[in-house]
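# Observations on the three-dimensional arrangement
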Amino acid sequence: MITFLTAIITLILGYFIYGRFIEKFFGANDQNQTPAVRLEDGVDFIPMPTWKMFTIQFLNIAGLGPIFGAILGTMYGPISYIWIVFGCVFMGAVHDYFSGMLSIRNNGASLPEIVGKYLGTSIQNILRVFTLLLLIFVGVAFVTGPAGLLKDLTGGGLNLWLYGIFAYYLIATLLPINKIIGKIYPLFGAALLIMAFSIAGVMIFKGTNGSFHLNELSLGSLKNLHANPAQNILYPMMFIVISCGAISGFHSTQSPMMARCMKKESYGRPVFYGAMIAEGIVAIIWATAAMNYFGNTNGLNESFASGHNPAWIVNEICNTWLGKVGAVFAIVGVIACPITTGDTAFRSARLTIADMFHFKQSSIKSRLLVSVPLFAVGFFLSQLEFSTIWKYLGLSNQILSMFMLWTAAMYLAINKKNHYLISIPATFMTAICVTYFLVAPNKNGGLAIDVSVGYAIGIAIAALVFTWFLVAAKKKISSVNKEKITLSHKLK
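Here we summarise the structure given alongside this text. (Residues numbered from 1 in each chain as written. Predicted model: local features only at pLDDT ≥ 70, side-chain atom pairs only at ≥ 80, totals over all residues. Heavy atoms only, no water.)

## Quick notes on the layout of surface pockets
Taken as a whole, the second largest pocket spans an internal volume of roughly 490 Å³. Taken together, 18 residues line the second largest pocket, and the ones lying closest to its centre are Phe45, Arg260, Asp355, Phe359 and Lys360. Per-element tally for the lining of the second largest pocket: the top contributor is helix α15 (residues 310-357), with three residues. Along the lines of polarity and charge, the residues of the lining of the second largest pocket split into six nonpolar, six polar and six charged. (1 Å grid on protein atoms, 1.4 Å probe; cavity = no way out; pocket = protein on both sides within 12 Å on 5 of 7 lines; lining within 4 Å. Points joined across faces, edges and corners; volume = space filled by probe spheres on them. Helix = DSSP H or I, 4+ residues; strand = E, 2+ residues; numbered from the N terminus. Nonpolar A, V, L, I, M, F, W, Y, C, P; charged D, E, K, R; others polar.)

## Topic: helix α1 (residues 2-16)
When the terminal C-alpha atoms of α1 are compared, their 21 Å separation across 15 residues agrees well with the 21 Å that a helix rising 1.5 Å per residue should span. Among all positions of α1, only Thr3, Phe4, Ala7, Ile8, Leu11, Gly14 and Tyr15 are buried. Along the axis of α1, the buried positions cluster into a sector of 135 degrees, meaning they face one direction only. Packed against the buried residues of α1 are α2 (18-26), α6 (80-104), α10 (180-208) and α13 (268-293). (Expected span 1.5 Å × (residues − 1). Buried < 20%, exposed > 50% of the residue type's maximum accessible area, 1.4 Å probe, protein only. Arc of directions from axis to C-beta. Contact = heavy atoms within 4.5 Å.)

## Thoughts on the pattern of salt bridges
Summed over the entire model, instances satisfying the criterion amount to six salt bridges. For Glu265, the salt bridge goes to Arg105, with nearest N and O atoms at 2.7 Å. Taken as a pair, Glu265 in the loop between α12 (251-259) and α13 and Arg105 in the loop between α6 and α7 (111-119) lie far apart in primary sequence, 160 residues in all. Residue Glu265 is classed as buried on the basis of its relative accessible area, which comes to 1%. Under the relative-accessibility criterion, Arg105 is labelled partly exposed at 32%. One continuous salt-bridge network, built from bridges that share partners, spans Asp44, Arg347 and Arg350. (Salt bridge = Lys/Arg side-chain N within 4 Å of Asp/Glu carboxyl O.)

## Section: α13
With 26 residues, α13 extends 36 Å between its outermost C-alpha atoms, agreeing within 8% with the 38 Å of an ideal straight helix rising 1.5 Å per residue. Immediately downstream of α13, the backbone of Gly295 shows phi near 100 degrees, a positive value.

## Digging into the packing of α1 against α6
Two measures define how a pair of helices packs: the angle their axes make with one another and the distance between the axes. It is the contact of α1 with α6, at a shortest axis distance of 9 Å, that shows an interaxial angle of 10 degrees. With respect to α6, the element α1 is oriented roughly parallel. Touching Thr3, Ala7, Thr10, Leu11 and Gly14 of α1 are Tyr81, Ile84, Val85, Cys88 and Val89, all from α6. Looking at the contact of α1 with α6 residue by residue, the class counts come to seven nonpolar, three polar and no charged. (Axes fitted to C-alpha atoms, helices over the stretch in contact; angles between N-to-C directions. Parallel < 35°, antiparallel > 145°, perpendicular 65-115°, else oblique.)

## Some thoughts on the packing of aromatic side chains
Applying the stated criterion across every chain, the model contains 30 aromatic pairs. Relative to Phe428, the ring of Phe239 has its centre 5.7 Å away and its plane inclined at 85 degrees; by these criteria the two rings are edge-to-face. Taken together, the residues span a long stretch of sequence, with Phe239 in helix α11 (residues 234-241) and Phe428 in helix α18 (residues 420-439) at a distance of 189 residues. Under the relative-accessibility criterion, Phe428 is labelled partly exposed at 29%. Members of the aromatic cluster, connected to one another through ring pairs, are Tyr18, Phe21, Phe25, Phe86 and Phe90. Taking NZ or CZ as reference, Arg269 lies 4.7 Å from the ring centre of Tyr15, over its face. Lying across the ring of Phe25, Lys417 places its NZ or CZ 5.8 Å from the centre. (Phe/Tyr/Trp six-rings, centres within 6.5 Å; stacked < 30°, edge-to-face > 60°. Lys NZ or Arg CZ within 6 Å of the ring centre and 35° of its normal.)

## What about the nonpolar core?
Of all hydrophobic cores here, the largest spans 167 residues; its most connected members are Ile67, Phe98, Tyr273 and Trp286. With 21 residues, α15 is the largest single contributor of residues to this core. Not counting residues within four places of it along the chain, the set of residues in contact with Ile67 comprises Leu192, Met195, Val282, Trp286 and Val314. (Core = buried A, V, L, I, M, F, W, Y, C linked by side-chain atoms within 4.5 Å.)

## Here's the deal with unusual backbone geometry
In this model, Tyr235 is joined to Pro236 through a cis peptide bond whose omega is 15 degrees. Considering the arrangement of structural elements, one finds Pro236 in helix α11. Of note, Lys416 is a non-glycine position whose phi angle comes to about 60 degrees, a positive value. With respect to the secondary-structure elements, Lys416 resides in the loop between α17 (386-414) and α18.

## Section: the side chain of Ser99
Within the secondary structure, Ser99 sits in helix α6. Ignoring anything within four residues of it in the chain, the contact list for Ser99 reads Ile114, His251, Ser252, Ser255 and Met404.

## Side note on the packing of helix α5 (residues 65-73) against α15
Contact geometry of α5 with α15 gives a least axis separation of 10 Å together with a crossing angle of 105 degrees. The angle between α5 and α15 falls in the class roughly perpendicular. On α15, the residues that touch Ile67, Phe68, Ile71 and Leu72 of α5 are Pro310, Ala311, Ile313 and Val314. Among the residues forming the contact of α5 with α15, the class breakdown is eight nonpolar, no polar and no charged.

Below, the structure written as structure tokens:
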């Protein structure tokens, strides 16, 4: 109980203390007119209330991520608590805040355009392709899963449900953001939070009356407790498995949507930083529930070994602890929330393409021009095996977070602020991504080379990238200073 409550309290304190520090450090200023006000178009740029933006942002970045990821990550043991808590406060929430605020400062630009401004056009072009692929893969992954579950529940054909969900995706992507997303998504976001808090309430109640014992984090548990540690290497694989709840590059593709709806820069902390902290709390709750429902980490691993998956575990816990209400929450969590994540992924893809080719999106015709080919590609990919799609999502997701962190670090360096607050986490994520690609098993998308060699190469490449960043930052600062001098002379 102590570990669980301490983790929750630390996350909340992180929002109020470190979140406020980051807000001041960035320099949020309500005197700056936001894109939602300056560029309002009735489609994507629409001012919204803060509470609505928070719930939409939370649902967009969360979905099943902090549930399934936390459950899978807990297979490594209580050490997952450390990554979720400190990763969320010092990396994930900062990552989300900067991705949203830099979008606000750049007319609501999508991720590749922001990256291009601070890291150069070469990296921008790579990110354009990479981001689009990730968004499409996320959209496809979160349509095939719910479609399969709906097929099992109703006995209908898989393609029939795929057609239905893709049709909904298209409508939600085309309509102004204040229609379906603005009206329905806050309800789903609230349902996801209520489900998590209900599970937490049950654990606290059972823990205080002595009917339930929560495992605590101890020195003896600071090791890999996975049932198959040789194939599931603690570092770096746990850091990839637990992305939502700690840090997730996918969030940087979602934040620009709310950046186009924000009336004041001061709303950035509750919407961007706050939604990520809320996701971290949800991840801690589900990590604790999964670990303790089966007695301990070994019990959880045995459940997976017997053929169960995260969806089954969510359904089992909800039904057992919350009864009929829990069954409803389980359906919302396992079916509705993935669909909402998928459709915002496709909407982000539309905005990314529109920014790339400078397509105005005010008319339905221009939105169709971008969306129809996008969904055609998505439907084609939905015919692939789900495991094939999912295998590449984890690493791709964290690679994107790595680029966003380096972008934020460059922004700080250019503005003569302490970039180490973000460049050090960026270096850490670089080492994780490179090492994962080298040492992870082939079935997980890695090369499966010797672990000690992979660690050495991963650290070396991360150090080289950090050195490149320092050199590039000096050049960038020099270039900016020259531009300022030139402009000053022209004004004179």
